[in-house]
Each structure stands twice: as C-alpha cells, then as structure tokens.
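What follows is the residue order along each chain.
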Amino acid sequence: MALRRTLVAAGARAMSQKEAQRQCAKLSQKWRLLAEAEPQGFMSRVALCAEKADHHPNWSNVYSTVDVTLWTHDAPGLTEKDFALAAQMDAIAETSGLIE
Ligand SMILES: C[C@H](O)[C@H](O)[C@H]1CNC2=NC(N)=NC(=O)C2=N1
C-alpha cells in the first residue's frame, strides 16, 4: 500500500506540474511577414538562434503568419532566455525587412 500511495502522490505532483505549465506566464507574438517573404527563411534563422541558446519557441506557420509562444518549461514561466530569444526574433524580422 505504501508503494501505491507513493505512486498516487507522484501522479498528483505530475498533474500539478502540468497545470502549472498550462497556467504560467508566456510571451506570445504573431508576425505577419511580407507576402513575398518566405516564412521558412525567417524560421530557419530563428531556429539557429534557438539551437544555440538551447531554448525553442512553440510556434506555428500559416501562409505568411508566424505565431510564437515562448516560456521556460522548467521555471515554469518567463526567464531571461525568453526575452533574449524574443529580442533576437524581433531583430531578425526587422533587419531582414520581413514585417509588413
Ligand atoms: C534540456 C533542455 O535544456 C531543455 O529541455 C530546454 C530545451 N528548450 C527549451 N525551450 C523553451 N522554450 N523552454 C524550455 O524550458 C526549454 N528547455
């Protein structure tokens, strides 16, 4: 019974971590790229930064829109890593003239 109680307690902790992840602060940004710009180009450049930082955006791409959500899973919430990657994404979008 002790083992079962331990497992139930571990399950409850896993649930609450998942819930904490769901509810934690996140940075969200939707970029509308120029219609003629390739979102894949923007995303590959960001992906290189993300790999270097070992910090990866949750994102999706539909036509010329890239929708990004950033947060630090372990925190859970926002850390300097999220702001640093967000700044790099801004710089890539702006310096490459991708924004409408
Ligand atoms: C072990 C590895 O460092 C972690 O899993 C990294 C990978 N990429 C990540 N990306 C993001 N956005 N948040 C994280 O907490 C995170 N953690």
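Note that the structure is a prediction, hence the values are computed from the model and not measured.

Rules used in this analysis
Residues numbered from 1 in each chain as written. Predicted model: local features only at pLDDT ≥ 70, side-chain atom pairs only at ≥ 80, totals over all residues. Heavy atoms only, no water. pLDDT = per-residue confidence, 0-100. Helix = DSSP H or I, 4+ residues; strand = E, 2+ residues; numbered from the N terminus. Expected span 1.5 Å × (residues − 1). Buried < 20%, exposed > 50% of the residue type's maximum accessible area, 1.4 Å probe, protein only. Arc of directions from axis to C-beta. Contact = heavy atoms within 4.5 Å. Pairing = 2+ DSSP bridges. Axes fitted to C-alpha atoms, helices over the stretch in contact; angles between N-to-C directions.

Student: Where do I start with the confidence of the model for the protein chain in this structure?
Tutor: Keep in mind that low pLDDT regions are not for reading the predicted coordinates in detail. Within the protein chain, residue pLDDT values average 88, and 95% of them lie at 70 or more. Model confidence for the complex is summarised by a pTM of 0.81, with the ipTM given as 0.85.

Student: When you look at helix H2 (residues 39-53) in this model, what are you seeing that I'm missing?
Tutor: Given 3.6 residues per helical turn, the α-helix brings residues three or four places apart onto the same face. Compared with an ideal rise of 1.5 Å per residue, which puts 15 residues at 21 Å, H2 spans 21 Å between its outermost C-alpha atoms and is within 8% of the ideal. Buried residues of H2: Pro39, Phe42, Met43, Val46, Cys49 and Ala50, and no others. Buried residues of H2, seen end-on, are gathered within an arc of 120° and therefore sit on one face of the element. Looking at H2, the residues exposed on the side facing more than 90 degrees away from the buried face are Leu48, Glu51 and Lys52. Check the buried side of H2 and you find it contacts strand S1 (27-32), strand S2 (58-62), strand S3 (65-70) and helix H3 (80-95). With its phi angle positive at about 50°, Asp54 sits one or two positions after the end of H2.

Student: Sorry if this is basic, but what is going on with the sheet that holds S1 here?
Tutor: Sheet strands line up and pair through hydrogen bonds in the backbone, either parallel or antiparallel. Taken in spatial order, the three strands make up an open sheet running S1-S3-S2, and their pairing is antiparallel. Each end of this open sheet is capped by a strand with a single partner; those strands are S1 and S2. Recorded for the sheet is a direction-independent mean angle of 10° between the axes of neighbouring strands. Bridge count between S2 and S3: five bridges; the pairing is antiparallel. Bridge assignment links Trp59 to a residue of S3, and that residue is Val68. The strands touched by H3 are S1, S2 and S3; relative to S1, the strand with the most contacts, the crossing angle is about 10°.

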